[in-house]
Amino acid sequence: MAAVVLQGITKRFPGTAGVTAIDGLDLEIKDGEFFALLGPSGCGKTTLLRTIAGLEAPTAGTIEIGGRDVTQLPPGRRDVAMVFQDYALYPHMTVEDNIAYPLKIKRVAKDKRRRLAAETGDSLQLAGTMERRPGQLSGGQQQRVALARAVAYRPNVFLFDEPLSNLDARLRLEARGFLKRLQRELGITTVYVTHDQSEALALADRMAVMEAGRIRQLGTPVEVFHRPANLFVASFIGSTPMNLLPARVEGRALAIGPARLPLPEGTAPHVHDGNEVVLGARPEYTALHPAEAKAAPAGGIAGRVAILEHLGTAYLVSVEAEVEGGDGVTVQATVPEGEAPAIGARVVATPDPARALLYRRGDGELVGAGAVTGAEAGAGTASAG
């Protein structure tokens, strides 16, 4: 096991475009930690993983693994094992030979590597497939063979490059739970690259959200989900998109068209009358009431139901808000199955001020980033910065 420390890592690819894939990045991954690198395609996460592995040389900066500077070392001397998106199995080899091959490269004795391959394959439920070739296996079995090859090597660090992306939805869920259990049992430092935020939130002890070669937020899944540090992270994280509503501060309220909403908890000391801001409210924390109902709160955002999306146990309701000047604003809320309003119904959407967030319109950063609301403290959420 080993910590991974990156200092000032920059990676520029040569050519007329002069693409900078990683831009002066500093990061410390703790010993035994399951760490996720999350971001959209092209953000630099896979390049960063390949740089840790030694498959890419950094333009600048240093890489330490287990307190040892490995920046100039080839991949085989870094004591890491990488699992690729396409598994990279040798089609002409049996499962046993695929698992044992890295041990052969290390010049481990034949009897010992066969024993380690058998033990590892058995632990990953591959005992009945050891004489088969990859083409005779299902996608889930191929994924386990790739994992077994990495586990049998007994590295200091696992590097996973979107290893579940080729599996169907059900297998992906099963493999996700299996991966988390395996990593906890082995206690090996793991760096996991994915564009799927549900994977990162479910698997990671900590995660970094990347954009354009930089880390936009670093924290636990709970911190990143409940307090996105900026508008980029807020728009990227969440199975249902966060409502991001342009607003203006008026006294101790937010003006969104004709609606006046209370300021989110903890933000009043950090804003002033007339500030242009963005209100962030997750659909899960936005209440919906019929506009004519006695229970409808004053100061919500009134509008008409435009779209209903069935999510299984709930509905995602899209409301076209009634805003002065005709500028369209859509607010989304989730409601339990059986409580969805009819299309065209007039409703009032009210974000929970204890869970809502506020962002500066100019730079997109979170207002009152050091504050933690009562609701978040109760959920065990720490400050995002």
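This text follows the structure it describes.
Just so it is clear, the model here is predicted, and its values are computed rather than measured.

### Concerning the overall build of the protein chain
Then, number 1: In terms of helices and strands, the protein chain carries nine helices and 20 strands.
Then, number 2: Principal-axis analysis of the C-alpha atoms places the extent of the protein chain at approximately 75 × 45 × 45 Å.
Then, number 3: In the protein chain, which comprises 385 residues, the proportion classed as buried is 49%.
Then, number 4: Pairs at least 24 apart in sequence give 65% of the contacts found in the protein chain among residues at least 6 apart.
Then, number 5: Of the roughly 17500 Å² that the protein chain leaves accessible, carbon and sulfur atoms contribute 50%.
Then, number 6: Of the side chains in the protein chain, 41 bear a positive and 43 a negative charge, and the two mean positions are spaced by 7 Å.

### Remarks on the environment of E322
Then, number 1: Mapped onto the fold, E322 is located in the loop between β17 (314-321) and β18 (330-336).
Then, number 2: On the accessibility criterion, E322 (34% relative accessible area) is partly exposed.
Then, number 3: For E322, the residues in contact, after removing those within four places along its chain, are P258, A302, G303, R304 and R346.

### Notes on the sheet that holds β17
Then, number 1: Pairing within the open sheet is antiparallel, and its five strands lie in the order β15-β19-β16-β17-β18. Of all the strands in the sheet, just β15 (286-290) and β18 have a single pairing partner and so form its edges. The sheet shows a mean angle of 45° between the axes of neighbouring strands, taken without regard to direction.
Then, number 2: Here β15 runs beside strand β19 (residues 346-351); their pairing, made up of five bridges, is antiparallel. Across the sheet, L288 pairs through a bridge with A349, a residue of β19.

### Some points on the packing of aromatic side chains
Then, number 1: Scanning the entire structure with this criterion turns up five aromatic pairs.
Then, number 2: Judged by centre distance (5.7 Å) and plane angle (40°), the rings of F34 and Y192 are tilted. Here F34, found in strand β3 (residues 34-38), pairs with Y192, found in strand β8 (residues 189-194); they are 158 residues apart in sequence, far enough to count as distant.
Then, number 3: On the accessibility criterion, Y192 (0% relative accessible area) is buried.
Then, number 4: Each residue in the set F34, F158, F160 and Y192 is aromatic and connected to the rest through ring pairs, giving one cluster.
Then, number 5: The ring of Y153 has K106 lying over it, and the distance from NZ or CZ to the ring centre is 4.6 Å.
Then, number 6: The ring of Y285 is capped by R355, whose NZ or CZ atom sits 4.5 Å from the centre of that ring.

### Notes on the pattern of salt bridges
Then, number 1: According to the stated counting rule, one finds 15 salt bridges in the structure shown.
Then, number 2: The salt bridge involving K11 is made with E56; its shortest N-O contact spans 3.8 Å. Residue K11 is located in strand β1 (residues 4-12), and its partner E56 is located in the loop between α1 (45-53) and β4 (60-65); the two are separated by 45 residues in the primary sequence.
Then, number 3: K11 gets classed as buried once you look at its relative accessible area, which sits at 10%.

### Notes on the sheet that holds strand β6 (residues 80-83)
Then, number 1: Ordered by their spatial adjacency, six strands build an open sheet running β6-β7-β8-β3-β9-β10, and the pairing between neighbours is mixed. Of all the strands in the sheet, just β6 and β10 (214-219) have a single pairing partner and so form its edges. Along the sheet, successive strands turn relative to each other by an average axial angle of 20°, direction set aside.
Then, number 2: Two elements, β3 and strand β9 (residues 206-211), share four bridges in a ladder whose sense is parallel. The partner of L37 across the bridge, within β9, is A208.
Then, number 3: On top of the sheet, α1 reaches β3, β6, β7 (157-161), β8 and β9; it is set at about 150° to β7, its chief contact.
Then, number 4: Of the strands in this sheet, β6 and β7 touch helix α4 (residues 139-152), which is tilted by about 180° from β6.

### Focus: the side chain of T51
Then, number 1: Mapping T51 onto the fold places it in helix α1.
Then, number 2: Note on T51: relative accessible area 1%, which makes it buried.
Then, number 3: In this structure, T51 is in contact with I9, I22, E56, P58, I63 and R78, ignoring residues within four places of it in sequence.

Each value, and the rule that gives it
Throughout, a residue's number is its position along its own chain's written sequence, starting from 1. Two thresholds apply to this predicted model, a pLDDT of at least 70 for residue-level local features and 80 or more for giving and counting side-chain atom pairs, whereas whole-chain, interface and lining totals are computed over all residues. As a rule here, side-chain values come from all non-hydrogen atoms in the structure, and water together with hydrogens is ignored. A run of DSSP states H or I qualifies as a helix once it reaches four residues; a run of E qualifies as a strand once it reaches two. Both are numbered from the N-terminal end. Only protein chains enter the accessibility calculation, which uses a 1.4 Å probe; a residue whose area is less than 20% of its type maximum is buried, one above 50% is exposed, and one in between is partly exposed. The contact definition used throughout considers only heavy atoms, calling two residues in contact when any of these lie within 4.5 Å. Areas reported as accessible are Shrake-Rupley estimates using a 1.4 Å probe. Residue values count occlusion only from the protein chains shown. His is not counted, nor are the chain ends, whereas Lys and Arg count as positive and Asp and Glu as negative. To locate a charge, take NZ of a lysine, CZ of an arginine, CG of an aspartate or CD of a glutamate. Strand pairing requires that DSSP identify at least two bridges connecting the strands. All axes here are fitted lines through C-alpha atoms, helices being fitted over the stretch that makes contact, and every angle between N-to-C directions spans 0 to 180 degrees. Centres within 6.5 Å are what make two rings of Phe, Tyr or Trp a pair, Trp counting through its six-membered ring; a difference in plane orientation under 30 degrees is then read as stacked, over 60 as edge-to-face, and the rest as tilted. Definition used: whenever NZ (Lys) or CZ (Arg) falls within 6 Å of the ring centre and also within 35 degrees of the ring normal, the charge is taken to sit over that ring. Salt bridge criterion: a side-chain nitrogen from Lys or Arg within 4 Å of a carboxyl oxygen from Asp or Glu.

By themselves these figures say nothing about function.
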